[in-house]
Amino acid sequence: MKYFVHVVGSMAPGGIENFIMNFIIKDSKIYIMLFNMYCWLNNIYKDSFLCRLFKVIKLYFYNCYIFKMMKFYENNLPIFNYSKIVNMFRKLFDNIMEFCRKLINSNMLFNNAKVFNSDCEFLVLLVAAYSIIDWFFRNYIVSFSSVWDEVFLCILYFVWIYKWVISKKKCSLKISPFDMGIILFIMVMFGLMLVSSNFNVAFQGFRAIVQGMFWYFVSFQLLNKNSVNKIVTIFVVIAGILSVYGIYQYIIGIPMISTWVEPSEVGIRTRVYSIFSSPNIFGCLLVMAIPMSLSLFIINNNICKKICYLFIFLFMCICVLFTYSRGAWIGLLAAMGIYILFKDRKLIILFLFILLMVFIFMPSIRNRFLYMFSESYISSSLVAGRMIRWIYSIEIWKNNFWIGLGLGNFGGAVATNNNLFTIINGNVVNNFYTDNYYLKILVESGIVGLLSFLLLMWQVVSISLKMMHIINAKGNKELVMGIVSGLIGVLIHCCVENVFDVPMMGVLFWLFVAVIAQLWYIDRKDIV
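Attention here is on the structure that accompanies the text. Here the residue index of a chain counts from 1 through its sequence in written order. Totals for whole chains, interfaces and linings use all residues, but because this is a predicted model, local features are given only for residues with pLDDT of at least 70 and pairs of side-chain atoms are given and counted only at 80 or more. Only heavy atoms go into the side-chain values, all of them from the structure, while hydrogens and water stay out.

The next thing to look at is the overall build of the protein. The numbering of helices and of strands both runs from the N terminus, where a helix is a DSSP run of H or I of at least 4 residues and a strand a run of E of at least 2. Per the secondary structure count, the protein includes 26 helices and two strands. For the protein, buried positions account for 50% of its 528 residues. For the protein, the share of sequence-separated contacts (at least 6 apart) that also reach a separation of at least 24 residues comes to 76%. Note on exposure labels: buried denotes an accessible area under 20% of the residue type's maximum, exposed denotes more than 50%, and partly exposed covers the range between, all computed with a 1.4 Å probe on protein chains only. In this analysis, two residues are considered to be in contact whenever any of their non-hydrogen atoms come within 4.5 Å of each other.

Here it is, written out as structure tokens:
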């Protein structure tokens with residue numbers, strides 16, 4: 001035991017992977033079998049028609065107009081961010097704030113307000129605890145549960161502007177390469193809201209789509225170099241605690257809603273959901289947190305913290321299996337696959353080994369996953385499941401190709417809360433969840449809205465990857481690696497779930513985009 005503690009405690013970043021690979025896995029027969037199988041499949045793939053097809057698609061995509069437009073936009077982001085227009089706006093904003101600063105500094109009441117004169121770091125850290133705070137209001141202060149986050153968002157903006165105004169130092173507006181893309185997307189959504197036939201519903205839909213982005217702007221302005229690690233730590237620790245509670249739910253066999261499992265599925269006692277109303281959303285939260293826990297494990301040199309983060313990682317991995325959310329599993333596969341590609345491609349063998357063990361020794365997981373490809377699932381899904389919803393959604397979109405039905409009018413929480421319906425092939429159909437956020441955006445805002453959203457997500461991912469490479473500090477680079485992997489996992493999960501219809505997921509997604517921007521800003525502050 002002492003030897004194990006000494007080995008783990010003395011590990012440099014990345015040492016645990018080498019330890020496992022060299023002393024536990026590498027000499028096993030299963031590893032040798034998997035490695036030989038990987039080499040054999042790789043050689044077959046290189047000579048296959050599928051490989052040639054992917055190369056043709058890749059070549060076509062890289063030479064198509066849309067890709068060139070995205071690359072032009074991405075490569076010219078620094079020009080957009082630091083152009084004369086942006087600098088003029090910054091100077092105007094600074095002049096206005098300087099004028100307000102002189103007015104407020106003359107008021108003794110504001111000058112003596114210790115809360116505002118402090119760093120107010122705790123307010124930003126509370127955003128990472130969104131899930132716990134939201135649960136508290138939903139269960140104990142129900143009358144305030146629907147508005148507390150908006151009130152808190154207004155408080156954050158007030159604190160940021162006030163701190164800006166009273167600052168003795170001339171602080172300039174922080175900008176990042178994400179800003180222009182987010183602003184352009186908000187402008188597109190705002191335009192689509194104005195042309196909608198039902199403005200009240202469209203405004204609710206607009207708010208549901210873009211509100212998380214406003215959390216990004218204020219979080220980025222209030223974050224500092226000391227709060228970044230704390231935010232990630234708080235989020236991961238809370239996710240770990242919720243995972244422990246989820247495992248407890250599985251042990252006691254907590255009752256679940258009958259529609260969460262198909263009648264023909266067997267071997268599933270329960271699906272855990274912790275403090276949330278859906279195991280799918282709980283699974284998505286864990287998909288975001290798991291790669292971050294690995295990053296915290298690697299960058300911390302303290303042995304106690306290392307062991308704690310390792311256990312948190314294991315608890316979350318076990319719990320995401322017990323959610324039985326196939327969308328979360330696919331998102332996690334994508335997130336961990338991306339993380340491994342960034343970290344060390346040799347770890348793919350270890351990753352495949354773990355997946356094989358889960359597949360062999362957990363029949364309920366295996367059956368749940370393989371059920372997706374069964375005739376029973378496909379037939380039921382075509383009657384009252386995701387597939388028929390997607391077919392209906394495409395039919396509706398065809399009649400509203402360019403700008404859609406209108407924001408908030410279909411496929412999500414806003415349409416459901418307003419008891420909206422639509423007409424499909426002459427039949428009146430009550431609103432339903434599309435269980436695909438991209439499809440929801442397509443039907444509501446047409447091809448214009450979907451392309452805008454995809455361009456925004458492309459920008460978030462591609463710029464985050466660029467930032468990961470240009471950030472010099474190893475610890476910060478590792479954090480970005482974990483965060484980006486988690487965000488990609490969430491975007492994959494959006495293919496089978498309306499993830500961003502849940503305010504918590506939208507807020508947390510954009511909070512961690514702000515964290516990436518802050519890590520970049522810390523590294524590049526001298527030239528920004």
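What follows concerns unusual backbone geometry. Positive phi, normally seen in glycine, also occurs at Y324, with a value near 55 degrees. Among the structural elements, Y324 can be located in the loop between helix 17 (303-322) and helix 18 (326-343). Given the relative accessible area of 0%, Y324 is considered buried. Of note, D435 is a non-glycine position whose phi angle comes to about 55 degrees, a positive value.

Before going further, it helps to examine the pattern of salt bridges. Salt bridges are defined by distance alone: a side-chain nitrogen of Lys or Arg within 4 Å of a carboxyl oxygen of Asp or Glu. All told, the structure shown has eleven salt bridges when counted by the stated rule. Linking R326 and E265 is a salt bridge whose minimum nitrogen-to-oxygen distance equals 4.0 Å. Taken together, the residues R326 in helix 18 and E265 in the loop between helix 15 (227-252) and helix 16 (279-299) connect sequence positions 61 residues apart. Take R326 and E265: they sit in the same class, and that class is buried.

Once that is clear, we can look at the environment of K225. For K225, the position within the fold is in the loop between helix 14 (199-222) and helix 15. Taking C-alpha positions, K225 is 6.6 Å from I522, a pair spaced 297 residues apart along the chain. Apart from residues no more than four positions distant in its own chain, K225 is found in contact with Q518 and I522.

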